[in-house]
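Coordinate inspection notes
As a plain string of letters, each chain reads:
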Amino acid sequence: MPALLRRHDWSSTTLGPAATWPPALRTAVDMMLHSSFPMFIAWGPELVFLYNDANIPLLGERHPQALGARLSDVWPEVWPYLVPMVDRALSGKPVYHEDMELTLRRHGYAERAMFTFSFAPLHGADGETAGLFCTCMETTSRVLAERRAAFELRVSDAIRPLLHPEEVIETASGLLGRELRAARVLYAEMDDALGRFSVPRMWSQDGRAVPTRPEFQFADFGPALAAELRAGNVVRMDDSARDVRTAGFRSVYVAERVGALLAVPLVKRGRLTACLGIHTPHPRHWSDHDARLARDVAERTWSAAEAVRAQAELRVERDRARYIFDAIAEGFALFDRNWTILQMNAEGLRICGLDAHQVIGRNHWEIFPESLDTEGGRMYREVMRTRSAGSAEYCRVFPGGRRVWSEIRAYPTQDGGIASFFRDITDRKLAEDKLMEADRRKDEFLAMLAHELRNPLAPISAAAELLKLGAMDEARVQQSSTIIGRQVRHMTRLVDDLLDVSRVTRGLITLARVAVDARVVVDEAVEQVRPMIDARGQQLSVRLPPHGAVVLGDKARLVQVVANVLGNASKYTPEGRQIDLRAEALGPRLVLSVRDEGIGMDRELTGRVFDLFTQAERSSDRSQGGLGLGLALVKNLVELHGGTVGCTSPGLGKGSTFVITLPLEQETLLPEDLPALEAPPAAGHLKVLVVDDNADAAEMLGMLLASHGHEVVIEHDSLRALDRARSVRPDVCLLDIGLPEMDGKELARRLRAQPETRDAVLVAVTGYGQQQDREEALAAGFQHHLVKPVNFDHLIGVLESLRGASLSASG
């Protein structure tokens, strides 16, 4: 620089020839030229620029044209930032800045640079400020190194808590893009074998995170770029329009708006796997700092992403195992060799009634000390000792008395501990107890049923023996007949009760839905039970419901409900005691209560009194008879009507109260009573065909019909009955349904198909009495359906009505 200063033509500047320079300027220039620190002087009104050798690197391509130029022309791009500082120095005040960042145009591109400098005023001979003296050091390398370290620390802190590789790459790309002031940072997955790559992740300065295309070919960007990436080299492309590597492929760079490119490859086992690309839309110089920062971030990101990916795979595997254990319907626990609980799944915690923090890491025997001397505890210790699997059942009693039964299976583990599977079998245990109770009650019921059926069979059998002897007067025969009839009716009621309960509990009963006067229901129920109450000398008080209290339902079944409860009260109340029946409307419901002064019951029994077969527990001596079905039938019928029924008792010997509630209908008109039909006059006789494979039943029925003046023909076989019917041409056919070879329904269809019997009246006489059986019989062609044992008065009534109709038709 001393030589350059001597050769320079200073006459073209405001300084004039060097020989005319003032002493102060000469002294300052001499100091500057002999200094090893970068220095410059700006002198005179135009601040003419002079500098030493150490300042040349700071100027770059501005040297040597900067010598003798005005200071404002040396760095025009930063002059607006320097003016305030220059003005301050020219005013006589020193200026100092450390690591000031300025964007200078060097190496053909704008780049950031950091400087530490001071401006000092230079005074002329008159003492006035004539210029300024600057000592300047570029601190770009140091500052960028510090920033790089801080940035890498920031990246590490940002990606450390992330759990997914995609999040790691996206976060690091965004930080790098903002740090380098790039337009886009993309993560490309390379398929080196097929020569293509995809961009699943991209950070964009404008927020657009989707690339223009899902997939690109290496060949689109030129072979030179792909070759450098495969070699593992960082590609620095300052200007894609001028770079020789893009020759012939520049249209792709223009289309993708890539003016400058910095690409960092990831090569694994000799194959290009991925690439981190940083773009700007305009040319830009990528410094060594930029390249190093990009490579450091890329390597750090890939390492973190791989670690996160590995951790994610471990978490997936762990979560899969945890999900399996949490999803299974069994409890699972893992103990170490010292009985410390290492793991317990959600179902296990539920069964134990504990939270994870109360279990994990604690000793099993400290948490469950009561299990030590149980079958489960002994099994656990045996498995730990023998290293052989075992199983047991264990009942844990919780505070408050709640019991939980568990079935436990334990298996030894490789590390000396135990893996335990256990499941809640409380419901199964309760079900087993209920089954045992139901089985016990079933046995009691069967014994009771046998007793109840044998009771009427004994007098029937005795009466039959007397009749067989033959030496009986008319009074004895009448007495025997009465006994047989009464006992048959008793057995019929038993069977009807069984069938009613069966139909109701299986939902096979069909209820009529008509408006029923509640007073009529109570009156008819009392009428049915009154003989029994009077016979026992009991006092019955009745409070009828108000007029207009109407229930929507089946009248016959409602009467049956009230009669059953009232009859039950009479049965278990000693002679001469009081029974109260009250019926009242309370709001929208009809409440019927029956209170007796009978034997009462334990409070525990009041909850089960409506269960099937409970009667046996109330009367073990069987003096009152019955099957214990009445109250079960009551409960089901009341619920079918939308009501409720309950029972209370102060205890044994203190009576009971039964309460029935039914929904009331509002403002419902009652149907008019239908006039009773008069029975047709009895005259003439009918030809009746009786078909039953039970010979005794057929013969007895035939005898009874003949005694009433009818002509009877009996057959026991369906096919023979069909032939016989053609010749006899019966008026009425009484057919059993359960016939062999051809059942009664098919026989009815064939009788209907024959011209000779097409108009005969078909009556089903069968032991099948459910509603479905009745509907099937009518569908087969029967006009009437009677259930065995046949109510003979009902049958005679049917025949009399047919005989009357026949006479009317003939008249």
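Residues numbered from 1 in each chain as written. Predicted model: local features only at pLDDT ≥ 70, side-chain atom pairs only at ≥ 80, totals over all residues. Heavy atoms only, no water.

Digging into the nonpolar core
Within the largest apolar cluster, 44 residues are counted, with the highest numbers of intra-cluster contacts made by Phe40, Ile41, Phe49, Leu50, Trp75 and Phe119. Phe49 has contacts with Phe40, Ile41, Asn55, Leu59, Ala66, Leu67, Gly68, Ala69, Leu71, Val74 and Trp75, leaving out every residue within four places of it along the chain. (Core = buried A, V, L, I, M, F, W, Y, C linked by side-chain atoms within 4.5 Å. Buried < 20%, exposed > 50% of the residue type's maximum accessible area, 1.4 Å probe, protein only. Contact = heavy atoms within 4.5 Å.)

Quick look at the environment of Ile41
Along the chain, Ile41 falls in strand 1 (residues 39-43). Note on Ile41: relative accessible area 0%, which makes it buried. Considered as a pair, Ile41 and Thr135 are 94 residues apart in the sequence and their alpha carbons are 9.0 Å apart. Discounting chain neighbours no more than four positions away, the residues touching Ile41 are Leu25, Ala28, Val29, Met32, Val48, Phe49, Leu50, Leu122, Leu132 and Phe133. (Helix = DSSP H or I, 4+ residues; strand = E, 2+ residues; numbered from the N terminus.)

Examining helix 23 (residues 744-753)
Where helix 23 is concerned, the buried positions are Gly744, Lys745, Leu747, Ala748 and Leu751. Angularly, the buried residues of helix 23 cover 160 degrees about the axis, an arc narrow enough to put them on a single face. Where helix 23 is buried, its residues touch strand 24 (687-691), helix 22 (718-728), strand 26 (732-735), strand 27 (761-766) and helix 24 (771-780). You can read the cap of helix 23 off the contacts: a side-chain oxygen lies 3.2 Å from the backbone nitrogen of Lys745, and it is on Asp743. (Arc of directions from axis to C-beta. Polar contact = N/O pair within 3.5 Å; in protein donor to acceptor, adjacent residues only side chain to side chain.)

Notes on the sheet that holds strand 6 (residues 184-191)
If you walk across this open sheet you meet the six strands as 8-7-6-11-10-9, and the pairing is antiparallel. Looking at which strands have only one partner, the edges of the open sheet turn out to be strand 8 (215-217) and strand 9 (235-237). Each strand axis lies, on average, 25 degrees off the axis of its neighbour in the sheet, ignoring direction. Examined bridge by bridge, strand 9 and strand 10 (residues 260-268) share three bridges and lie antiparallel to one another. Residue Arg236 lies in a different strand from strand 10, and its bridge partner there is Leu262. Where helix 7 (residues 165-179) meets the sheet, its contacts fall on strand 6, strand 7 (196-204) and strand 11 (271-280), and the angle it forms with strand 7 comes to roughly 65 degrees. On top of the sheet, helix 8 (residues 223-230) reaches strand 9, strand 10 and strand 11; it is set at about 45 degrees to strand 10, its chief contact. (Pairing = 2+ DSSP bridges. Axes fitted to C-alpha atoms, helices over the stretch in contact; angles between N-to-C directions.)

Quick word on the packing of aromatic side chains
This structure, assessed with the given rule, holds 18 aromatic pairs. Centre to centre, the rings of Phe197 and Phe221 are 6.0 Å apart; their planes meet at 45 degrees, and the pair counts as tilted. On the criterion of sequence distance, the pair formed by Phe197 in strand 7 and Phe221 in the loop between strand 8 and helix 8 is long-range, its members being 24 residues apart. Owing to a relative accessible area of 10%, Phe221 belongs among the buried residues under this scheme. Between the aromatic rings of Trp339 and Tyr380, the centroid separation amounts to 6.3 Å while the plane-to-plane angle is 55 degrees, which identifies the pairing as tilted. One end of the pair, Trp339, is in the loop between strand 12 (331-335) and strand 13 (341-344); the other, Tyr380, is in helix 13 (residues 375-386), and 41 residues separate them in sequence. Accessibility expressed as a relative area gives 13% for Trp339, which makes it buried. Here Tyr380 falls in the buried class, since its relative accessible area comes to 5%. Here the aromatic residues Phe40, Phe49, Tyr51, Trp75, Phe117 and Phe119 are joined through ring pairs into a cluster of three or more. Between the NZ or CZ atom of Arg381 and the centre of the ring of Trp365, over which it lies, the distance is 5.9 Å. (Phe/Tyr/Trp six-rings, centres within 6.5 Å; stacked < 30°, edge-to-face > 60°. Lys NZ or Arg CZ within 6 Å of the ring centre and 35° of its normal.)

Quick look at the packing of helix 6 (residues 140-159) against helix 7
Where helix 6 meets helix 7, the closest approach of the two axes is 9 Å, and the angle between their N-to-C directions is 155 degrees. Put simply, helix 6 runs roughly antiparallel to helix 7. For the crossing formed where helix 6 meets helix 7, the hand is right-handed. Along the contact surface, helix 6 presents Phe151, Arg154, Val155, Ala158 and Ile159, while helix 7 presents Val168, Thr171, Ala172, Leu175, Leu176 and Glu179. Grouping the amino acids of the contact of helix 6 with helix 7 by side-chain chemistry returns eight nonpolar, one polar and two charged. (Parallel < 35°, antiparallel > 145°, perpendicular 65-115°, else oblique. Left-handed = near helix turned anticlockwise from the far one by under 90°. Nonpolar A, V, L, I, M, F, W, Y, C, P; charged D, E, K, R; others polar.)

Concerning the environment of Ser251
With respect to the helices, strands and loops of the structure, Ser251 is situated in helix 9 (residues 250-255). Residue classification places Ser251 among the exposed positions, given a relative accessible area of 57%. Each C-alpha atom of the pair Ser251 and Phe221 lies 9.2 Å from the other, and the pair is 30 residues apart in sequence.

Examining unusual backbone geometry
Of note, the bond from His63 into Pro64 is cis; its omega dihedral lies within 30 degrees of zero at 5 degrees. For Pro64, the position within the fold is in the loop between helix 3 (56-59) and helix 4 (71-74). Residue Trp339 is not a glycine yet carries a positive backbone phi of 70 degrees. Of note, the phi angle at Arg387 is positive, near 60 degrees, even though the residue is not glycine. Mapped onto the secondary structure, Arg387 falls in the loop between helix 13 and strand 14 (390-397). Assessed through its relative accessible area of 31%, Arg387 is described here as partly exposed.

A word on the confidence of the model for the protein
The predicted model of the protein has a mean per-residue pLDDT of 84, with 90% of residues at 70 or higher. Looking across the protein, the model is least confident in helix 19 (residues 615-618), with a mean pLDDT of 44, and most confident in strand 2 (residues 48-51), with 95. Here residues 616-625 scores under 50 on pLDDT; set against residues more than four positions off or in separate chains, the count is 27 contacts. (pLDDT = per-residue confidence, 0-100.)

Description of a negative patch on the surface
Together, Glu166, Glu167, Glu170 and Glu189 give the surface a local cluster of negative charge. Counting residues per element, the negative patch draws most heavily on helix 7, which supplies three residues. Inspection of the secondary structure puts Glu166 in helix 7. (Patch = residues over 30% accessible without salt bridge, like charges linked within 9 Å, V, L, I, M, F, W, Y side chains within 5 Å. Areas by Shrake-Rupley, 256 points an atom, 1.4 Å probe, with all protein chains shown as cover. Salt bridge = Lys/Arg side-chain N within 4 Å of Asp/Glu carboxyl O. Lys, Arg positive; Asp, Glu negative; His and termini not counted. Charge placed at Lys NZ, Arg CZ, Asp CG, Glu CD.)

Notes on the sheet that holds strand 24
Ordered in space as 25-24-26-27-28, the five strands form an open sheet in which the pairing is parallel. The two strands at the open ends of the sheet, each matched to only one other strand, are strand 25 (711-715) and strand 28 (784-787). Geometrically, the sheet is characterised by an average inter-axis angle of 20 degrees between neighbouring strands, direction not taken into account. Two strands pair when backbone bridges link them, and strand 26 and strand 27 are joined in this way by four bridges, in the parallel orientation. Bridging from a neighbouring strand, Val732 pairs with Val761 of strand 27. Taken strand by strand, helix 23 contacts strand 24, strand 26 and strand 27, and its axis lies near 160 degrees from that of strand 26.

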